[in-house]
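A closer look at the structure
Chain by chain, the residues run as shown.
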Amino acid sequence: MAEALVDNVDRTPETLSPEAIQQDMALEYDSMVFLSAIEQLAVRWSSSTLPTSPALALASLVDLANRVVEFVEQLPMAKAGEFSLHALISRDLPNYAQLGLQHIQKRRFSREALERTVQSAATFHLISKDILRVLNICLAINVKAFHSSEMRRQWKTVYAGFLAHVAKALQQFDPDQRT
Amino acid sequence: MPQTPESQKVIMVVDDSQTVRNIMALIVHRLGHQIVRTRSALEALSTLNEVVPDLIFLDITLPGMDGLDICKVIKGHPRIQHVPVIILSGSGQEFDKMMGRLAGAADHITKPFEPETIRKCVETYCGPSDSAQEGVWQKP
């Protein structure tokens, strides 16, 4: 069966200023372009095209994560709050199993630094979980940037689906089985 | 059942990526049309028994039967052969475009795409909608 037409449910409209509506539409446009692009990176994680080595898998994940960080840095609310990957990880440090400030260089994840940490399947999975946590926080900042509660709800759902797909693909990846 | 404006069309998307289906749903909704989302050839063909959409966006790479084969099935079926099919693919290569045309597709869109590309395509094949959301994408 086709998926439910949830988009056609009527909801009480909010009163937003024309400026807020325009800002939301511009943000949504950028978010759609961004998500369409990172989805193409995430497609590499689908079962038939899984990266063939731990190094490639990690490189692919770092590429994805850095795109997300770059996008969120451009959001007005992130600029106002002086968002940085360094600050984000510093604040949340106790919640990461492997990820640390040593993995950041020039405001981005450093593939070389992460490669030095990832020495086994176990550490790959731990660090990929940590990176997913960072992605989740970054995408939540994107969601909060919408003025409209309806758009926040929709984008929360869209990003949750995207992250669930990436998390599932990473979980299935076994670096020890690939050379 | 609520009345829908005549300009509101039914647009079908067939893609195994939930994210692509969700982006397409948002775009189509903002443009004031209805969306039907399916994730596989089987699901798409089953849905086409019940619904005749005004436009179909079809991913070229699907589990089981691929998008080109589904396109050929659609174009061989008298009840739905008039529905324009737009092939979505991760490659902008001429070969994919040619294969799409040979299968009967009206057009080809390369992923990743911009909402504006989808909008132009929808307007080309469905016309403008009277129900487009206020302020929809004034940025470019």
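The written sequence of each chain sets the order in which its residues are numbered from 1. All chains are assigned letters beginning with A, and all ligands numbers beginning with 1, in the order in which they are written. The model is predicted, so local features are restricted to residues of pLDDT at least 70 and side-chain atom pairs to those at 80 or more, both for listing and for counting; the totals for chains, interfaces and linings are taken over all residues.

**Some remarks on the pairing of strand β3 (residues 55-59) of chain B**
All names here are of chain B. Test applied: We call a residue exposed when 12 or fewer other C-beta atoms sit within 10 Å of its C-beta, buried when the count reaches 20 or more, and partly exposed for counts in between; the C-beta positions come from the backbone. Secondary structure elements follow DSSP: runs of H or I no shorter than four residues count as helices, runs of E no shorter than two count as strands, and numbering proceeds from the N terminus. Strands pair, by our definition, only if DSSP identifies at least two bridges between them. The handedness of a crossover follows from its direction of travel: if, with the strands pointing away from the viewer, the path from the first strand over the helix to the second runs clockwise, the crossover is right-handed.
Counted residue by residue, β3 has five buried out of five residues, so it is predominantly covered. Burial of β3 is two-sided: the residues L55, F57 and D59 facing one way and the residues I56 and L58 facing the other way are all buried. One ladder, built from four bridges, connects strand β1 (residues 10-14) with β3; its direction is parallel. Looking at the pairing, V14 lines up with L58 of β3. Bridging between β3 and strand β4 (residues 85-89) involves four bridges; their strand directions are parallel. Bridge pairing links D59 to L88 in β4. For the crossover that starts at β3, traverses helix α3 (residues 67-75) and ends in the parallel β4, the hand is right-handed.

**Focus: unusual backbone geometry**
The omega torsion of the bond from K111(B) to P112(B) falls at 0°, within 30 degrees of zero and hence cis. Secondary-structure assignment places P112(B) in the loop between β5 (107-110) and α5 (115-126). With a phi close to 50°, K106(A) is a non-glycine residue in the positive phi region. Along the chain, K106(A) turns up in the loop between β1 (104-105) and β2 (108-109). On the basis of neighbour count, K106(A) is assigned to the exposed category, with 6 C-beta atoms found within 10 Å. A positive phi angle is found at R107(A), which is not glycine, with a value near 70°. When you line up the elements, R107(A) lands in the loop between β1 and β2.

**Examining the interface of chain B and chain A**
Applied cut-off: Here, residue contact means that the backbone-derived C-beta atoms of the two residues sit within 7 Å.
Taken together, the contact pairs 29 residues of chain B with 23 residues of chain A. Taken together, the elements giving at least two residues each to the side of chain B that touches chain A come down to α1 (18-30), β2 (34-38) and α2 (41-48) of chain B. The element that contributes the greatest number of residues to the side of chain B that touches chain A is α1(B), accounting for nine residues.

**Digging into the packing of helix α1 (residues 18-42) of chain A against helix α7 (residues 149-172) of chain A**
Residue and element names in this part refer to chain A. In plain terms, the rule: Where helices are involved, their axes are fitted lines through C-alpha atoms of the stretch in contact, as for all axes, and angles between N-to-C directions lie from 0 to 180°. Angular relationships are summarised with four words: roughly parallel below 35 degrees, roughly antiparallel beyond 145, roughly perpendicular across 65 to 115, and oblique for the angles in between. Here the nonpolar group is Ala, Val, Leu, Ile, Met, Phe, Trp, Tyr, Cys and Pro; Asp, Glu, Lys and Arg are the charged ones; every other residue, Gly included, is treated as polar.
Running from amino to carboxyl end, α1 crosses α7 at an angle of 10°, the nearest separation of the two axes being 12 Å. One element, α1, and the other, α7, form an angle in the roughly parallel class. On α7, the residues that touch D24, E28, S31, L35, E39 and A42 of α1 are M151, W155, F162, H165 and V166. The residue makeup of the contact of α1 with α7, split by class, is six nonpolar, two polar and three charged.

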